[in-house]
Amino acid sequence: WFRYSEFPLLTGISIFVGNMGALFGLGPFSFILKYIDWNKAFIFFGLFVILFSVIIFLFVKDYPENGRNQSDNYSLCNALKLILKNKNNYLTLFSFAFSNGVYMAFAGLWGVFYLMHVYNIGKGTASGYVSFLTLGVAIGCLFNNFFYKLFGSAKKSGIFLLSFAAIFWALIFYLKLPAELLTLYYILFFLCGFSVSGLNLIFTSVRMNNAVSISAS
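A short tour of the structure in this document, coming up. Residue positions are given per chain, counting from 1 as you read along its sequence in written order. Only residues with pLDDT of at least 70 are given local features in this predicted model, and only at 80 or more are side-chain atom pairs given and counted; all residues enter the totals for whole chains, interfaces and linings. Note that water and hydrogens are dropped before the side-chain values are worked out from all heavy atoms of the structure.

## Things to note about the packing of aromatic side chains
Any two aromatic rings considered together are summarised by their centre-to-centre distance and by the angle between their planes. Whether two aromatic rings pair depends on their centres lying within 6.5 Å, for rings of Phe, Tyr and Trp, where Trp uses its six-membered ring; planes under 30 degrees apart make the pair stacked, over 60 edge-to-face, and the rest tilted. Summed over the entire model, instances satisfying the criterion amount to 24 aromatic pairs. Here F151 and F160 contribute two aromatic rings whose centre-to-centre distance is 5.0 Å and whose plane-to-plane angle is 45°, an arrangement assigned as tilted. Only protein chains enter the accessibility calculation, which uses a 1.4 Å probe. A residue is then buried if its area is under 20% of the maximum for its type, exposed if over 50%, and partly exposed in between. Residue F151 is classed as partly exposed on the basis of its relative accessible area, which comes to 30%. When its relative accessible area of 32% is taken as the criterion, F160 is described as partly exposed. Here the aromatic residues F106, W110, Y114, Y119, Y129, F132, W169, F173, Y185, Y186 and F189 are joined through ring pairs into a cluster of three or more.

Encoded structure:
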């Protein structure tokens, strides 16, 4: 229900809110674990998810108030055929897989342990550094619309940001900082996350390269 040019801004805000929830949700979760076990904690948060799902179902509409969107309706099989025939989708698939794969693996799996073993630092300190990676992604998403307008293209702006992300990843993996300069990792991880936010522009590219009715397939 919004113009194509607004898509980077709205998706950026959505991803920003999601990342901030993941970043700051750990505190309340840890607090709850002091009083109940993890199994009950997951049930507690699961009930909140169900509650918000009901709210979304009741208040979020599929179509504007002035009527249904005028778009082609495709069956699932026909939609998949159109998607598979579009060569641009393969380019976005691989760019997203390689870029997001590195980010998710490092931020969510072995980034903390990498820093702990390489620099012999505590888990809390290592987690603090890596958290700035997530913070950078969240803040960077708010600037996706700026870069989109600057370059006039989701493809060009995405390549620009992800190219810098590749440089920052190389610095993280191959540049070993002396102990007295480890605090620079706060800046390095933030800048890396800011650049990784270019992943959001891949969503915009996919949306613009496919028909409205199949863009979520």
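## Here's the deal with the nonpolar core
Soluble, globular proteins show a tendency: their nonpolar side chains are buried together. F106, L115, W169, Y185, F189 and V196 are the most contacted members of the largest nonpolar core, which totals 27 residues. Secondary structure counts use DSSP, requiring at least four H or I residues in a row for a helix and at least two E residues in a row for a strand, with both numbered from the N terminus. Secondary-structure elements contributing two or more residues to this core are α5 (87-119), α6 (123-142), α8 (154-174), α9 (184-196) and α10 (199-209). It only takes one pair of heavy atoms within 4.5 Å for two residues to be counted as in contact. The contact partners of F106, leaving out residues within four places of it in the chain, are G111, V112, Y114, V130, L133, W169, I172, F173 and F189. Residues belong to one nonpolar core when they are buried, are Ala, Val, Leu, Ile, Met, Phe, Trp, Tyr or Cys, and are joined through side-chain atoms within 4.5 Å. Counting 6 residues, the second-largest nonpolar core is a separate cluster that includes F147, A154, L161 and L201.

## Here's the deal with the packing of α5 against α9
To describe two helices that pack against each other, one gives the angle between their axes and the distance between the axes. As a packed pair, α5 and α9 sit with axes 14 Å apart at the nearest point and diverge in direction by 165°. Looking at the two axes, α5 sits roughly antiparallel to α9. As α5 packs across α9, the resulting crossing turns out to be right-handed. Mapping the contact onto sequence places Y103, F106, L115 and Y119 in α5 and Y185, F189 and V196 in α9. Gly is placed with the polar residues, together with every amino acid not listed as nonpolar (Ala, Val, Leu, Ile, Met, Phe, Trp, Tyr, Cys and Pro) or charged (Asp, Glu, Lys and Arg). Per-class residue counts for the contact of α5 with α9 are 7 nonpolar, no polar and no charged. Convention adopted: a line fitted to C-alpha atoms gives each axis, helices being fitted over their contacting stretch, and angles between N-to-C directions are expressed from 0 to 180 degrees. We call two directions roughly parallel when the angle between them is under 35 degrees, roughly antiparallel when it is over 145, roughly perpendicular when it lies between 65 and 115, and oblique otherwise. Should the near helix be turned anticlockwise from the far one by less than a right angle, the crossing is left-handed, and should it be turned clockwise, the crossing is right-handed.

## Details of the environment of V206
Here V206 lies in helix α10. On the accessibility criterion, V206 (24% relative accessible area) is partly exposed. Residues V206 and N88, spaced 118 residues apart in sequence, show a C-alpha to C-alpha distance of 8.1 Å.

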